[in-house]
Amino acid sequence: MIRPALSDPLGTALTWVWALGTAAGLAVIGALVQGEYLADQDFLAHPSLNVDDPGPDDAAG
């Protein structure tokens, strides 16, 4: 009689931990990239508050 091979519970658990950790890591990277992308878009949506330096003719004096 041939016995079926027993599964390795530790190997299965480690495989699940690796797979879930990889998925969570990719989700975090995606959230960070999306946050950076939205921050760049928000920055570009607002006008600049910088004022040009006055030329020599515009200087009070």
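In short, a report on the structure. Since this is a predicted model, take the numbers as computed values, not measurements.

Points about the overall build of the protein chain
Inference 1: Scanning the protein chain from terminus to terminus reveals one helix and zero strands.
Inference 2: Considering the protein chain as a whole, with its 61 residues, one finds that 0% of them fall into the buried category.
Inference 3: Accessible area for the protein chain stands at about 6100 Å²; split by element, carbon and sulfur atoms hold 67% of it.

Considering a nonpolar patch on the surface
Inference 1: Taken together, Leu26, Ile29 and Val33 make up a surface patch of nonpolar side chains, about 310 Å² in accessible area.
Inference 2: Mapped onto the elements of the fold, Val33 is located in helix H1 (residues 9-45).

About the thresholds
- Residues numbered from 1 in each chain as written.
- Predicted model: local features only at pLDDT ≥ 70, side-chain atom pairs only at ≥ 80, totals over all residues.
- Heavy atoms only, no water.
- Helix = DSSP H or I, 4+ residues; strand = E, 2+ residues; numbered from the N terminus.
- Buried < 20%, exposed > 50% of the residue type's maximum accessible area, 1.4 Å probe, protein only.
- Areas by Shrake-Rupley, 256 points an atom, 1.4 Å probe, with all protein chains shown as cover.
- Patch = residues over 30% accessible without salt bridge, like charges linked within 9 Å, V, L, I, M, F, W, Y side chains within 5 Å.
- Salt bridge = Lys/Arg side-chain N within 4 Å of Asp/Glu carboxyl O.

Read these as geometric descriptors, not functional statements.
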